[in-house]
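Listed here are the chains, written in short residue letters.
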Amino acid sequence: MSWLQKGRWRKSSTLVFDLIDAYWGKIPVVKPGSAGRGDGPGATGSLFIKRKKRSRWKESAIQSFFFANGVLAVVVLVGIFGILLTTAVPAFREIPLAEFAKKAWDPTSPEKPLYGLLSMIVSTLMVTAGALVIAIPVGLGVAAYLSDVAHWRVREVVKPVVEVLAGIPSVVTGFLGIMLFGPLIARIFHRGNGLNAANGSFLLAIMALPTIISISEDSLNAVPPAYSEASLALGGSLWQTLVRVKIPAALSGIIASIMLGMGRAIGETMTVLMATGNARAFPHGFLDSVRTMTANIAIELGEVPYYTTHYYALFAVGLILFIMTFIVNLIADVILNKYQQREL
Amino acid sequence: MKKNAKKKFIQFIGFLVLRLCLYTVLAILLIFLYDIVKNGGGAISWEFISQPPRRGMTEGGIFPAIVGTFIVTAVTAVLAIPLGMFAAIYLNEYAKQSRLTRLIRLSIRNLSGVPSIVYGLFGVILFVNILKFGTSILSAGLTLGLLTLPWTITASEEALKTIPNSYREGALALGATKWQAIRTNVLPYAIPGMLTGTVLGLARAAGETAPIMFTGAAFYLPFLPKSLSDQFMALPYHLYIMATQHHAIQQVRPLAYGTALVLIVLVLGMNMTAVVIRYRLRRKRRW
């Protein structure tokens, strides 16, 4: 990558910023001729002050420019919430709240459209819970192995491999759910095509694993060495130290990693859309076909006529989804922050 | 002595379980990749890469989908790279420890947790309806750009953090203004790192399906898009169609596997390139 280090690259790489400079007006350069035009030292002095003022103005303009870009994240987040809310409001106006709490969702029914969200929400929570039941022990196990047992060379190899797992597009995971795990589940439990909640849970567990592994491992590594040294000095084995000292000490980070993995599982669309079968009925077990909130939006948004109650209702589903993931992520954030402060 | 043996035995079993966890994860990844390469490899041919689909997508290739994915990722990059860099420069160079800064950081972390389908809903309203871009490359690219933003900001900030403070102080001590110091002594060293981090974000965006489903991806187009306001075919959406929506699903399985293989090679290829470049940069660093 020597070209990255070469002077020419460096020069061209700041071209954008040169353009910004040009836009805000270059600092007037004092030419040798103009300064010595017999006005005495006072003239250069005033030019210097002018130049300083000018550059101060430019500096603050540049700072505000970057500030505006920094605030953009807040604007986008509030914008997403605002747009979901304003589009969902007609749905809340036209459909009584009690209706939302029912099980049946059938907005296209010719007699009486039904807008019950309960089946969807339960499906989402069920698939997510199933995913966590698989992902928490496995993820924590891998994290503990990497932080406490593995040779550092193994760690150097495994960490990028876990990143590869995180890089697999969700639609590919969903496709493999149809092709690999569907038939497997169908053969074991003798159930149709194997596209059900269990399949979805399994795939979501795989997708949540990289998050859980990397953040748990970080928090296990952040446990001060004095803790484990004390335990070892008292005659504890490595295993006892891990289970009774390190994991409790890193618990907040581990919980945060689980919350983040959970947020990912709740919001994942393509895998559940492809692998869970998408039946609208209320689920009674993991071998039932389920339709999660995300899958429901993905299925119906393409077919629904714009600006109908059904359309607004889909945005209401999106709004609830947004709020659910927001809360989960916020909890993870609060936990992580607290834990970072304690570290200091 | 006996107690000690028991302790050792428990430790042995415990570590064995941990090791099994690791092997399980690695095995799953291997099975994934093996299955795709085995079944997709047969479908790959020059025709598959360079031809549009034919006969109701039961024959032919995926050329328009590959091109579409590249174009839409380019639009994503145009939005996400500069915005992400600027925001990162603000956070790392200008921002002070304040409530507002904390709010910005909180928003960034939360944005990265917003479900991709919610970005899709947002894109439908903002880009397709309000800004009247229609279902187009532009709408889809901008939606993906917003989705990528938190990742590019975080990656760019990581790169800025690696530049030692003495670089900034050196320039400031010579009388440079803050911006001059950043421009001459920070950015030239940080930009390669910023770009590699951003490529990782773009790789994830290229594999996303849910945000583009309703903002511009088309079921089937025999020709290539002519402008940014055209619809497009994209690899991930094409795979979704081939896997679940096609009228002759069993017949097109090989094509679906081929699409999955191309998509994975593309996304993981981008990932690997970024990781390798990052690794080399780290080794080359002299401070």
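Residues numbered from 1 in each chain as written. Chains lettered and ligands numbered in written order. Predicted model: local features only at pLDDT ≥ 70, side-chain atom pairs only at ≥ 80, totals over all residues. Heavy atoms only, no water.

Draft legend 1. Structural detail: the overall build of chain A. Looking only at helices and strands, one finds 16 helices and 2 strands in chain A. The burial tally for chain A puts 48% of its 344 residues in the buried class. Taking as baseline every contact in chain A between residues at least 6 positions apart, the subset at least 24 positions apart corresponds to 71%. For chain A, the accessible surface area stands at approximately 16300 Å², while carbon and sulfur atoms represent 66% of it. (Helix = DSSP H or I, 4+ residues; strand = E, 2+ residues; numbered from the N terminus. Buried < 20%, exposed > 50% of the residue type's maximum accessible area, 1.4 Å probe, protein only. Contact = heavy atoms within 4.5 Å. Areas by Shrake-Rupley, 256 points an atom, 1.4 Å probe, with all protein chains shown as cover.)

Draft legend 2. Seen up close, the overall build of chain B. Per the secondary structure count, chain B includes 11 helices and 2 strands. Going residue by residue from the N terminus, the α and β elements of chain B occur as α-α-β-β-α-α-α-α-α-α-α-α-α. Projecting the C-alpha coordinates of chain B onto the three principal axes gives extents of approximately 75 × 70 × 35 Å. The burial tally for chain B puts 55% of its 287 residues in the buried class.

Draft legend 3. Examining the packing of helix H3 (residues 63-94) of chain B against helix H10 (residues 235-245) of chain B more closely. Residues and elements named next belong to chain B. Between H3 and H10, the shortest axis-to-axis distance is 8 Å and the interhelical angle comes to 140°. Taken as axis vectors, H3 and H10 run oblique relative to one another. Listed contacts from H10 to Ala65, Ile66 and Thr69 of H3 are Leu235, Pro236 and His238. Taken together, the residues that form the contact of H3 with H10 break down as 4 nonpolar, 2 polar and no charged. (Axes fitted to C-alpha atoms, helices over the stretch in contact; angles between N-to-C directions. Parallel < 35°, antiparallel > 145°, perpendicular 65-115°, else oblique. Nonpolar A, V, L, I, M, F, W, Y, C, P; charged D, E, K, R; others polar.)

Draft legend 4. Quick look at the interface of chain A and chain B. On the side of chain B, 85 residues touch chain A, which itself brings 94 residues to the contact. For the pair chain A and chain B, the two sides together bury roughly 8200 Å², of which 78% comes from carbon and sulfur. The three residues of chain A that bury the most area against chain B are Phe66, Phe175 and Trp239 of chain A, which together make up 8% of that side's buried surface. Taken together, the links from chain A to chain B amount to 1 salt bridge. One salt bridge in this structure joins Arg109 of chain B and Asp333 of chain A, with 2.3 Å as the shortest N-O distance. Linking chain A with chain B are 10 residue pairs in polar contact (both at pLDDT 80 or more). Counting residues per element, the side of chain A that touches chain B draws most heavily on helix H5 (residues 41-94) of chain A, at 21 residues. (Buried area = accessible area lost by both parts, 1.4 Å probe. Salt bridge = Lys/Arg side-chain N within 4 Å of Asp/Glu carboxyl O. Polar contact = N/O pair within 3.5 Å; in protein donor to acceptor, adjacent residues only side chain to side chain.)

Draft legend 5. Main features of a nonpolar patch on the surface. A contiguous nonpolar surface patch, about 770 Å² in accessible area, is contributed by Phe9, Ile10, Phe12, Ile13, Leu16, Val17, Leu20 and Tyr23 of chain B. Its place among the elements puts Leu16 of chain B in helix H1 (residues 2-41). (Patch = residues over 30% accessible without salt bridge, like charges linked within 9 Å, V, L, I, M, F, W, Y side chains within 5 Å.)

Draft legend 6. Up close: unusual backbone geometry. Of note, Asn278 of chain A is a non-glycine position whose phi angle comes to about 65°, a positive value. Tracing the backbone shows Asn278 of chain A in the loop between helix H14 (270-275) and helix H15 (293-300). Unusually for a residue other than glycine, Lys132 of chain B sits at a positive phi of about 60°. Among the structural elements, Lys132 of chain B can be located in the loop between helix H5 (116-130) and helix H6 (137-161). Its relative accessible area of 69% is what places Lys132 of chain B among the exposed residues.

Draft legend 7. Main features of the environment of Ala279 of chain A. Residue and element names in this part refer to chain A. Mapped onto the elements of the fold, Ala279 is located in the loop between H14 and H15. Exposure remark for Ala279: the relative accessible area of 30% places this residue in the partly exposed category. For Ala279, the residues in contact, after removing those within four places along its chain, are Ser289, Val290 and Arg291.

Draft legend 8. View of the environment of Lys159 of chain A. Residues and elements named next belong to chain A. With respect to the helices and strands, Lys159 occurs in helix H8 (residues 152-167). Taking C-alpha positions, Lys159 is 9.2 Å from Ile213, a pair spaced 54 residues apart along the chain. Sequence-distant contacts of Lys159, defined by excluding residues within four places in its chain, comprise Glu217 and Asp218.

Draft legend 9. Just the side chain of Thr325 of chain A, in detail. Looking at the secondary structure, you find Thr325 of chain A in helix H16 (residues 309-343). Setting aside anything within four residues of it in sequence, one finds Thr325 of chain A in contact with Gly263, Ile266 and Gly267 of chain A together with Gly113 and Pro115 of chain B.

Draft legend 10. Molecular detail of H10 of chain B. Among the 11 residues of H10 of chain B, 9 are classified as buried, and the element is accordingly described as predominantly covered. For H10 of chain B, the complete set of buried residues consists of Leu235, Pro236, Tyr237, His238, Leu239, Tyr240, Ile241, Met242 and Ala243 of chain B.

Draft legend 11. Structural detail: the packing of helix H7 (residues 165-173) of chain B against helix H8 (residues 178-206) of chain B. Residues and elements named next belong to chain B. Remark: H7 packs on H8, axes separated minimally by 9 Å, with the N-to-C direction vectors making an angle of 145°. Viewed along their axes, H7 and H8 form a crossing whose handedness is right-handed. Residues Tyr167, Arg168, Ala171 and Leu172 of H7 touch H8, and the partners they reach there are Lys178, Ala181, Asn185, Val186 and Tyr189. Its residues placed into classes, the contact of H7 with H8 shows 6 nonpolar, 1 polar and 2 charged. (Left-handed = near helix turned anticlockwise from the far one by under 90°.)

Draft legend 12. Expanded view of the packing of aromatic side chains. A full pass over the atoms with the stated rule returns 22 aromatic pairs over all chains. Ring geometry for Phe66 of chain A against Tyr94 of chain B: centres 5.7 Å apart, planes inclined by 25°, an arrangement best described as stacked. Placement of the pair is Phe66 of chain A in helix H5 and Tyr94 of chain B in helix H3, with the two residues belonging to separate chains. In terms of burial, Phe66 of chain A and Tyr94 of chain B fall into one category: buried. Residues Phe66 of chain A and Trp179 of chain B carry aromatic rings whose centres are separated by 5.7 Å and whose planes lie at 50° to one another, so their mutual orientation is tilted. With one member in each of two chains, Phe66 of chain A in helix H5 and Trp179 of chain B in helix H8 form a pair that bridges those chains. (Phe/Tyr/Trp six-rings, centres within 6.5 Å; stacked < 30°, edge-to-face > 60°.)

Draft legend 13. Spatial organisation of the confidence of the model for chain B. Scored by pLDDT, chain B comes out at a mean of 87, with 98% of its residues at no less than 70. What the predictor reports for the complex is a pTM of 0.86 with an ipTM of 0.90. (pLDDT = per-residue confidence, 0-100.)

Draft legend 14. Layout of the nonpolar core. The biggest cluster of nonpolar side chains holds 175 residues, and the ones touching the most others in it are Ile80, Val172 and Leu301 of chain A together with Tyr240 of chain B. A total of 14 residues in this core trace back to one element, the largest contributor, which is H16 of chain A. Look past the residues within four positions of Tyr240 of chain B in its chain and what remains in contact with it is Val171, Met270, Leu273 and Met274 of chain A together with Thr209, Met213 and Gln245 of chain B. (Core = buried A, V, L, I, M, F, W, Y, C linked by side-chain atoms within 4.5 Å.)

Draft legend 15. Main features of the pattern of salt bridges. In this structure the tally under the stated criterion is 7 salt bridges over all chains. In this structure, Arg291 of chain A engages Glu300 of chain A in a salt bridge whose closest nitrogen and oxygen atoms are separated by 3.0 Å. When its relative accessible area of 4% is taken as the criterion, Glu300 of chain A is described as buried. For Glu157 of chain B, the salt bridge goes to Arg105 of chain B, with nearest N and O atoms at 3.1 Å. Of this pair, Glu157 of chain B sits in helix H6 while Arg105 of chain B sits in helix H4 (residues 99-111); the two residues are 52 residues apart in sequence, bridging distant segments of the chain. For Glu157 of chain B, a relative accessible area of 6% translates into the label buried. The partly exposed category is assigned to Arg105 of chain B, whose relative accessible area is 27%. Salt bridges sharing partners connect three or more residues here, namely Arg280, Arg291 and Glu300 of chain A.

Draft legend 16. How the structure looks around the environment of Thr209 of chain B. Along the chain, Thr209 of chain B turns up in the loop between H8 and helix H9 (210-213). Along the backbone, Thr209 of chain B and Leu22 of chain B are 187 residues apart, and their C-alpha atoms lie at a distance of 29 Å. Residue contacts for Thr209 of chain B: discarding those within four places in its chain leaves Val171 and Met270 of chain A together with Pro236, Tyr237 and Tyr240 of chain B.

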